[in-house]
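# Remarks on the overall topology
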Amino acid sequence: MIDLTFYAEILPRLIAGLPLTLELAGLSVTLGFCLALILALAQRHGVIIPAIVRGFVAVFRGTPLLVQIFLIYYGIGQFRHGLQAIGLWGLFREPFWCATLALTLNTTAYGSEILRGSIASVPGGLREAARALGLTRFQTLHRIVLPLALRQALPSYGNEIILMIKGTSLASIVTLMEVTGIAQGIISESYRAIEVFVGAGLIYLTLNFTIIRLVGALETRLSRHLRRDGNTGGKPVAANLGNVH
Amino acid sequence: MKSLVLAALGVVLATAVPVAHAADAPKSITIATEGAYAPWNFVTPDGKLDGLEIDLANDLCARMKIECKIIAQNWDGLIPSLQVGKFDVIMASMFITDKRLEVIDFTRTYAVDPSAFSVPKDSDLGKAMANDAEQFNLNDEAKAKPAIDKLRELLKGKVVGVQSATANLEFLKKYFADDIEIREYKTVEEHDLDLAAGRIDAVFAQKTALAATLAKPEFADFTEAGPGFDGGVFGRGTGAGVRKADTALKDMLNKAIDEAIADGTIKKLSEKWVHSDVTPKS
């Protein structure tokens, strides 16, 4: 039933799309994480900035990624002359940058919510203790709050990375031939949808499995002190602040 | 694992097939079109399907005296969906090509419509070959070669948009793959938008579809350029796709199409929709 020669033929062709998939996901996850951290921190004080950030998050969490990619690609295409005037058309002319922008903004919205939650979950007592020890606000953030918050955020952020990997499959609608785009091309030649999509699915599965394991390994490493294996005696979090970053 | 997934898919597909595969004449059929290929088939602003092929489908169904339901479906899913029985007939300006004939069957040709490029009027190609009336059948490649070489020269290094999974894409890949960058779009509307936005230098599509786009005011600065091509990778014109097993349905459709050609219905419809006669000559 399974035609192995056909798989042997299509898998290399599908894998040829993997670099583009990885570029899109890698760039958008990295940029998105930086932006998400800024947005999460910006939400902690004041009234106006948190309101703007919440608006942004609501829009990008509340609309499908597909719609966002379409809007950014074809929507921006309508404002060519304005963009040419400010020198940005060169960027938006390229489908790659439009797709990267859409993916980045999308993951920023989700990521900022994950980080906001994990920052809020750091016990207030720790901040008070840091202040009592004479740490500045930046030091408190840098040495106490963020290390704990990021470790807390890791499992959900791993989820978000996987969602972004899968999100790149939508880039083919703006002419980018990543794994899914190539798969659709092969189907239109061979009309063997099941085999080709199973092949593409296997590639995504392998990729995401690797990421799950990497995130899992990082998580284990960052929570060494919580394991009751004798090294650290399973002391509570606060006692091991020095280890966590 | 793989066989498990396939088995599960097989069960899903087997239970999802709503229509009969019987070789005897059906009483009602579902016809699928793309709904994004004006003027052949498109969705009107109020959400109804319209166009030459919608009119023709209704005419054919009246001749066959059977009930028809017309639905819209993504272009690249048309043939796979026909194969698994989601509908019975494809009428979506689909060329009868050898590659498609390997997996599905087609009725006789009901329209002939060559393909060509459309470019900005002030581009090299636009200036050199605007509204070229020449016509080449790719079954005679030797005769078409000089024209293709000239196009290749003018298009060198350019980005050309084309709808994916079409004979138009086959044509570009076969004759221009090393000289141009090909960008694949899901619909003609999308490559037209990118042509207008200046992201691509040219599009390649059927002449009637180009004409429909160029008639819009936003495309006043664009023109059809270079000769038209048919035959070869474009196969034998436009036909209705059916499953290979549905021979009775194919015979009924062939008879109805013959009648529609003979009494001038196709000529009348094509003049209404594409302002030229696309009736097949033979």
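Since the model is a prediction, treat every value here as computed from it, not as a measurement.

When helices and strands are counted, chain A shows 11 helices and 0 strands. Based on the C-alpha atoms only, the size of chain A along its principal axes is roughly 70 × 55 × 25 Å. The buried share among the 245 residues of chain A stands at 36%. Long-range pairs, those at least 24 residues apart, make up 75% of the contacts in chain A between residues at least 6 apart in sequence.

Along chain B, the regular secondary structure elements total 11 helices and 14 strands. Counting only C-alpha atoms and orienting by the principal axes, one finds that chain B spans roughly 55 × 55 × 45 Å. For chain B, with 282 residues in total, the buried portion stands at 46%. Across chain B, the fraction of contacts at a sequence separation of at least 24, relative to all contacts at a separation of at least 6, is 73%.

Below, the discussion takes up the interface of chain B and chain A. Contact with chain B, which involves 21 residues of that partner, is made by 17 residues of chain A. Contributions of two or more residues to the side of chain B that touches chain A are made by α1 (2–16), α3 (78–83), β11 (181–185) and α8 (188–197) of chain B. Here the element with the most residues in the side of chain B that touches chain A is α1(B); it accounts for 5 residues. In terms of residue class, the side of chain B that touches chain A is made up of 10 nonpolar, 4 polar and 7 charged.

Residue and element names in this part refer to chain B. With respect to the helices and strands, the residue Trp75 is situated in the loop between β5 (67–72) and α3. Residues Trp75 and Thr187, spaced 112 residues apart in sequence, show a C-alpha to C-alpha distance of 7.6 Å. Beyond its immediate sequence surroundings of up to four residues, Trp75 is in contact with Glu34, Ala92, Gln163, Ala165, Lys186 and Thr187.

Let us now look at the nonpolar core. If you look at the biggest cluster of nonpolar residues, it comprises 77 residues, and the most contacted ones within it are Ile90(B), Val160(B) and Ala202(B). Discounting chain neighbours no more than four positions away, the residues touching Val160(B) are Leu155(B), Leu172(B), Ile180(B), Ile182(B), Ile200(B), Asp201(B), Ala202(B), Val203(B) and Phe204(B). In terms of nonpolar packing, the next biggest core, distinct from the first, is built from 53 residues, Ile69(A), Phe92(A), Ala109(A) and Ile144(A) among them.

Next up on the list: the domain arrangement of chain B. All names here are of chain B. One can read the domain layout of chain B as domain 1 (16–113 + 237–274) and domain 2 (115–234). For domain 1 and domain 2, the distance between their C-alpha centroids amounts to 26 Å. Of all the secondary structure elements, the ones that give two or more residues to the side of domain 1 that touches domain 2 are β2 (36–37) and β6 (89–95).

Residues and elements named next belong to chain A. For the pair helix α3 (residues 48–62) and helix α7 (residues 95–120), the least separation of the axes is 9 Å and the interaxial angle reads 120 degrees. Classified by the angle between their axes, α3 and α7 sit oblique to one another. Here α3 and α7 pass one another in a crossing that is left-handed. The segment α3 lies against α7, with Val53, Phe56, Val57, Phe60 and Arg61 engaging Leu105, Asn106, Ala109, Tyr110, Ser112 and Glu113.

Topologically, Thr206(A) is positioned in helix α11 (residues 193–222). Distance in space between the C-alpha atoms of Thr206(A) and Ala85(A) is 44 Å, their sequence separation being 121 residues.

Let's shift gears to the confidence of the model for chain A. Residue and element names in this part refer to chain A. Considering every residue of chain A, the mean pLDDT works out to 90; 93% of them sit at 70 or more. For chain A, per-element mean pLDDT is lowest for helix α5 (residues 80–85), which scores 87, and highest for helix α2 (residues 18–42), which scores 97. Within the model, the stretch residues 232–245 combines pLDDT values under 50 with 19 contacts to residues more than four positions away or in other chains.

Attention now moves to the packing of helix α2 (residues 52–64) of chain B against helix α10 (residues 247–262) of chain B. All names here are of chain B. At a minimum axis separation of 9 Å, α2 and α10 run at an interaxial angle of 110 degrees. Compared by their axis directions, α2 and α10 come out roughly perpendicular. The two elements α2 and α10 cross, and the hand of that crossing is right-handed. Contacts between α2 and α10 involve Leu56, Asp59, Leu60, Arg63 and Met64 from the first element and Met252, Leu253, Ala256, Ile257, Glu259 and Ala260 from the second. Grouping the amino acids of the contact of α2 with α10 by side-chain chemistry returns 8 nonpolar, no polar and 3 charged.

The strands that make up a sheet are held in pairs by hydrogen bonds between backbone atoms, and each pair lies either parallel or antiparallel. All names here are of chain B. Ordered in space as β5-β1-β6-β14-β7, the 5 strands form an open sheet in which the pairing is mixed. Of all the strands in the sheet, just β5 and β7 (105–111) have a single pairing partner and so form its edges. When strand polarity is set aside, the average angle formed by the axes of neighbouring strands in this sheet is 30 degrees. Relative to β6, strand β1 (residues 28–33) is paired through 2 bridges, and the arrangement is parallel. Opposite Ala32, over in β6, you have Ile90 as the bridge partner. α10 rests against β1, β7 and β14 (238–242) of the sheet, and its axis sits at about 10 degrees to β7.

A few words now on the sheet that holds strand β8 (residues 115–120) of chain B. All names here are of chain B. Pairing within the open sheet is mixed, and its 6 strands lie in the order β9-β13-β8-β12-β10-β11. At either margin of the open sheet sits one strand with a lone partner, and together these are β9 (135–137) and β11. Direction aside, the axes of adjacent strands within the sheet are offset by 30 degrees on average. Inspection of the sheet shows strand β10 (residues 159–163) paired to β11 by 5 bridges, in the parallel sense. Within β11, the position partnered with Gly161 by the bridge is Arg183. Seen against the sheet, helix α7 (residues 167–176) touches β8, β10, β11, β12 (202–206) and β13 (222–230) and runs at an angle of roughly 145 degrees to β10. Here α8 sits on the sheet and contacts β10, β11, β12 and β13; the angle it forms with β10, its principal contact strand, is near 160 degrees.

Reading guide: rules and limits
Residues numbered from 1 in each chain as written. Chains lettered and ligands numbered in written order. Predicted model: local features only at pLDDT ≥ 70, side-chain atom pairs only at ≥ 80, totals over all residues. Helix = DSSP H or I, 4+ residues; strand = E, 2+ residues; numbered from the N terminus. Buried ≥ 20, exposed ≤ 12 C-beta atoms within 10 Å, placed from the backbone. Contact = placed C-beta atoms within 7 Å. Nonpolar A, V, L, I, M, F, W, Y, C, P; charged D, E, K, R; others polar. Core = buried A, V, L, I, M, F, W, Y, C linked by C-beta atoms within 7 Å. Domains from an automatic or database assignment. Axes fitted to C-alpha atoms, helices over the stretch in contact; angles between N-to-C directions. Parallel < 35°, antiparallel > 145°, perpendicular 65-115°, else oblique. Left-handed = near helix turned anticlockwise from the far one by under 90°. pLDDT = per-residue confidence, 0-100. Pairing = 2+ DSSP bridges.

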